Structure formats: C-alpha cells, structure tokens
Amino acid sequence: MTHKRTMTAVAAAMAGALALTGCTGQSGGGGDTDDSTLTIWHYENEDSAMGKAWAEAIKIFEEENPDVTVDVEKQTFEQIQKNAKIVLTGDDVPDVMEFNKGNATAGQLAAQGLLTPLTDAATERGWDEKLTGSLATTATYDEQGRMGSGEWYGVPNYGEFVGVYYNKDMFAEHGLEVPTNLDELEDVLAAFKEEGITPLAEAGAEYPLGQLWYELVLAYGDRALVDDYQLFANDVNFHNDAMTKATEKLDEWIEKGYIASDSAALTAEDMGVSFIDGTYPLMVSGSWWFGRLATEVEADWGQFNFPGNTLHTGSSGNLWVVPANADSPSLAEEFIDITLRPEVQNVLAAEGGLPVAGDASVIEDERTRELTENFQAILDADGLAFYPDWPVAGYYDVIVSELQSLVNRSKTPSEVLDGLQSSYDEGKADLLDG
C-alpha cells in the first residue's frame, strides 16, 4: 500500500545528516540492503503528466511486489535542489529520487560520490538501447561531473523541447501558412509586421530570448558545434560563422520590429500571457507551456518545430537517480525500469508528457498528438541540443544580460559575442580546474 508523508523529509534528513560526523564525501555502503520498503522522492503534481505516470508505475510495482511497502515522499524542486548534497551524505535517504540533470546538478552529485552508478543496470535492462544519442547525454557523467560520457548515473523517461506556438486564427486571417524553413519564417514575420502586428511574443528579462538566439545558432550550426559548446569537445570561438550569423539575425529581427522594443524588460509570464490573449501570433518557447495554453487560449492554435532546423533546444526531462546510501538499490532499479514500460510511457503520451519510448498513436487529442509527434521527429534525428545556459555555472544571467543589451541597442552583435565568450571561457576554466 502506498504511504504518502508530508514535505518534511528533506528537513528531517538534513538534521540527521548535520548531526553525523565524518560522513561528508563518502559514497556507497549506506545501511544494510532492505528489500521490504521502496522509498521514492519526487516533486511532480498529482494532476501533471509525470505525476499520473509515476502513479501508474507505483501501481504496477506494488502489484508485482506485494510484500514491499512503497513510501512516496513528496518534495519540492527547490528543497531537493538546495539540500541534496547535505541530505545524501546521511543514511536517511530515498532509494530512488527525481533530480535535475546537468553538470551543476546530477553531475555534481555524481562527482562527489553521492549517486550509485547505473551502467550495469542500463546494459542489463536495455536502458542504453531505449535511450541513445542526445537523449542519453544527460544520463552519463565523467569523474568531474561533466555530462555526456562516463558512467550512467540517472535515467530519464520523458523529454522537453523548444518549438514554435502559433495562432492559427491570425495566420488564416492574413492568408499565411506554416513555414518550413528559416526564409519562410522570415516571410511570415515580415507579413505580420506589414499589417502592423509585431509577430513574436518575447521576453528578454528571462530565458525565452536566449532560447530564440540558440535556435538561430542551431539553424546555422551543426552537432560538432553543440559538442564543442556544451561538452567541451573543442574550444569555441564565439565569432564563428554560426554564432555570428545567429546574433546578427536576431539583431536584424529586433531592428525590423519583429520583436517588441520593450521586450528586454518582459518576463516569461509576460510573454506567455501576451500570446494567450492574442497580442502576438507566434511564440518560440518550450513544451512546458503546452498544458497552460491548452487550458487558456481561446483562439485556434498549434505548434511546429523551429522551421528548417535539425537541431533543437531541448533535452531529456529530469532523471531518476539512486543515492549511494540507498537501502534498496535493486528495488529502485526495478521501479526505474517500470517507468520505461509502454503502459507508463503511454500515460505520459496521453497527458502531453513527451515520453521517450511511447506511442503517439494512442493519443486521442489532436494537439497533444501533434506535440508528441514533433518531439519524436526530433528524437528520430538525434536532434536535442540542450540549453544555451547549461555549459557553465552562472551563464543564464550572462545570456540574459547580453541579449537585453542587443534589444536595448546598447551593444552590437560583435560586442554581445565578446561578452558571451569572456564569461563562457572563465566558467569553463573554473569547471575544468575544479
């Protein structure tokens, strides 16, 4: 029977961890193996796609393991993000936990010996065959905690990506079709502007403008550039052809009025509301907006992948990880495996959760099926290129600031690239030296 406790587990575990001596930095060998209880920590709402899928996975696990008590402890993203290192050095830890992917999160815990390597399980259970290429990049980390190589330390089972949402009614009113390449997208932007309509909902005070810039980088770049930028395969000259063209193109769109002049001060919420209320016909942003748009947009609307790109901003979703001190690691692996089964993946699919191994044909809702098929097309092309702020710590704020300068016309594209280069190089050096 599933037992749910309140969100006090992290605080209690922190107190226990802080009372211990000499435990910081240890890895593995928590308590004795206990296969009578499986403790799960996650932070998904019960009515979300992930929450519903996890509930189905727990139900299946309980049916197949009637002698095991499943203890689900709901946390918040902030609790786990801020306190994971302290909590996981103690013995009162979950057996399996949802955790954020990337160098500064799962990679950091892996490098500190706080997570159990899952490479053998990935091979034995076939996770390495279901999750390949760019989808698997966030699952593996080297000894320094850099993603993309080394041991498996986490398993994703859903995804996320950035695409283009559009107002079908506004397109129809102006006789416009969905663009299939960058030139056609620019034709659409120009057509709306000629009618006195600013075409792109944007937000320069938060992540959206940086993701639009990165989509343009990917329009001109290739996988080698992604590997250099994200995984440090080689040094990156930010004045390369792709980054120069992308930054100059964004500058051109700002100059032509395709992006509102006040967007430097706008938040993601401002952007979303302005698309929802029909002020702007297009919004370049993530799949995480889908559920809200489905509820709040009154006009007819749809979604398409950034036209002409084979690489797209996006990644796997959060990871299931197994703490090094977990009491029941074998049960944790069994639970993770269940979350990749078709019956659980299809719950994700039906709810718009972008499964990594689901069947879009089971989805009845047309928009949800379209979103899932668009994501699957990206996976089929191994087209996930991660997020622009991922490579180094603190880079999110740098990208926001530099691109605000572009919107405010206080920096040229070349000066913006100089600023991005300087912070990137400094952060990369700190990471590699650390």
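Residues numbered from 1 in each chain as written. Predicted model: local features only at pLDDT ≥ 70, side-chain atom pairs only at ≥ 80, totals over all residues. Heavy atoms only, no water.

Visitor: Please give an account of the overall build of the protein chain that cites residues and values.
Guide: On a plain count of helices and strands, the protein chain comes out with 19 helices and 13 strands. Against the 2.2 N^0.38 benchmark of 22 Å for 434 residues, the protein chain shows a C-alpha radius of gyration of 22 Å, consistent with a compact globule. On the principal axes, the C-alpha backbone points of the protein chain span a range of 70 × 50 × 35 Å. Taken over 434 residues, the protein chain has a buried fraction of 56%. A fraction of 78% describes how many contacts in the protein chain between residues 6 or more apart in sequence connect residues 24 or more apart. (Helix = DSSP H or I, 4+ residues; strand = E, 2+ residues; numbered from the N terminus. Rg over C-alpha atoms; globule rule 2.2 N^0.38 Å. Buried < 20%, exposed > 50% of the residue type's maximum accessible area, 1.4 Å probe, protein only. Contact = heavy atoms within 4.5 Å.)

Visitor: With reference to specific residues and values, describe helix 13 (residues 268–276).
Guide: Burial in helix 13 covers these residues: Ala268, Met271, Gly272, Ser274, Phe275 and Ile276. Where the residues of helix 13 are buried, they touch strand 8 (159–167), strand 9 (200–201), helix 10 (208–220), strand 10 (282–286) and helix 14 (290–296). Of the residues trailing helix 13, Gly278 is marked for its positive phi of about 85°.

Visitor: An account of the confidence of the model for the protein chain is requested, with residue identities and associated values reported.
Guide: The pLDDT averaged across the protein chain works out to 90; a share of 92% of its residues lies at or above 70. Scored below 50 in pLDDT, residues 1–9 makes 24 contacts in the model with residues more than four places away or belonging to other chains. (pLDDT = per-residue confidence, 0-100.)

Visitor: An account of the pairing of strand 11 (residues 301–304) is requested, with residue identities and associated values reported.
Guide: Looking down a regular strand, the side chains alternate between one sheet face and the other. Neither face of strand 11 is left uncovered, since the one carrying Trp301 and Gln303 and the one carrying Gly302 and Phe304 both have all their residues buried. Where strand 8 lies against strand 11, four bridges are found, and the strand directions are antiparallel. By the bridge assignment for strand 11, Tyr165 is matched with Gln303. (Pairing = 2+ DSSP bridges.)

Visitor: An account of empty space enclosed by the protein is requested, with residue identities and associated values reported.
Guide: Under the criterion given, the structure shown has one cavity of 30 Å³ or more. The volume enclosed by the largest cavity comes to roughly 30 Å³. Lining of the largest cavity is provided by Val164, Leu185, Leu200, Trp253, Leu282, Val284 and Phe306. Tallied by class, residues from the lining of the largest cavity come to seven nonpolar, no polar and no charged. (1 Å grid on protein atoms, 1.4 Å probe; cavity = no way out; pocket = protein on both sides within 12 Å on 5 of 7 lines; lining within 4 Å. Points joined across faces, edges and corners; volume = space filled by probe spheres on them. Nonpolar A, V, L, I, M, F, W, Y, C, P; charged D, E, K, R; others polar.)

Visitor: Hey, could you go over unusual backbone geometry for me, with residue numbers and the actual values?
Guide: In the Ramachandran plot, Phe386 falls in the positive-phi region, its phi being about 70° despite a non-glycine side chain. Residues other than glycine seldom take positive phi values, yet Arg409 does so here, at roughly 65°. Mapping Arg409 onto the fold places it in the loop between helix 18 (395–407) and helix 19 (413–433). In this structure Arg409 comes out as partly exposed when scored by relative accessible area, which is 39%.

Visitor: Can you tell me about the environment of Asn100, naming the residues and giving the values?
Guide: Inspection of the secondary structure assignment puts Asn100 in the loop between strand 4 (96–99) and helix 4 (106–111). Classification of Asn100 by relative accessible area gives buried; the value is 16%. Expressed as a C-alpha distance, the spacing of Asn100 and Arg369, which sit 269 residues apart in the sequence, is 26 Å. Not counting residues up to four positions away in its chain, the partners in contact with Asn100 are Tyr43, Phe77, Gln81, Thr105, Ala106 and Asn318.

Visitor: Summarise the side chain of Ser285; cite the residues concerned and give the values.
Guide: Here Ser285 lies in strand 10. There is a polar contact of 3.2 Å between the side chain of Ser285 and the side chain of Trp289. Other than its neighbours up to four places away in sequence, Ser285 contacts Phe161, Val162, Gly163, Tyr165, Tyr207 and Met271. (Polar contact = N/O pair within 3.5 Å; in protein donor to acceptor, adjacent residues only side chain to side chain.)

Visitor: Mind laying out the pattern of salt bridges, listing which residues take part and the relevant values?
Guide: Applying the stated rule across the entire model yields 16 salt bridges. Residues Asp142 and Arg146 are paired through a salt bridge, measuring 3.0 Å at the closest nitrogen-oxygen approach. Taking relative accessible area as the criterion, Asp142 reaches 17% and is therefore assigned buried. Across the pair Asp251 and Arg409 runs a salt bridge, and its minimum N-O distance is 2.9 Å. Within this pair, whereas Asp251 is found in helix 12 (residues 241–255), its partner Arg409 is found in the loop between helix 18 and helix 19, the two being separated by 158 residues in sequence. (Salt bridge = Lys/Arg side-chain N within 4 Å of Asp/Glu carboxyl O.)

Visitor: Give me helix 19: which residues, what numbers.
Guide: For helix 19, with 21 residues, the first-to-last C-alpha span of 30 Å sits near the 30 Å given by 1.5 Å per residue. Within helix 19 the residues assigned to the buried category are Pro413, Val416, Leu417, Gly419, Leu420, Gln421, Tyr424, Gly427 and Lys428. Along its buried surface, helix 19 packs onto helix 10, helix 11 (223–231), helix 12 and helix 18. (Expected span 1.5 Å × (residues − 1).)

Visitor: Break down the environment of Tyr229 for me, with residues and values.
Guide: You can see Tyr229 is positioned in helix 11. Looking at Tyr229, the relative accessible area reads 1%, which means it is buried. With 199 residues separating them along the chain, Tyr229 and Lys428 place their C-alpha atoms 10.0 Å apart. Once residues lying within four places of it in the same chain are set aside, the contact partners of Tyr229 are Trp213, Tyr214, Val236, Phe238, Met243, Pro388, Pro391, Tyr395, Ile399 and Tyr424.

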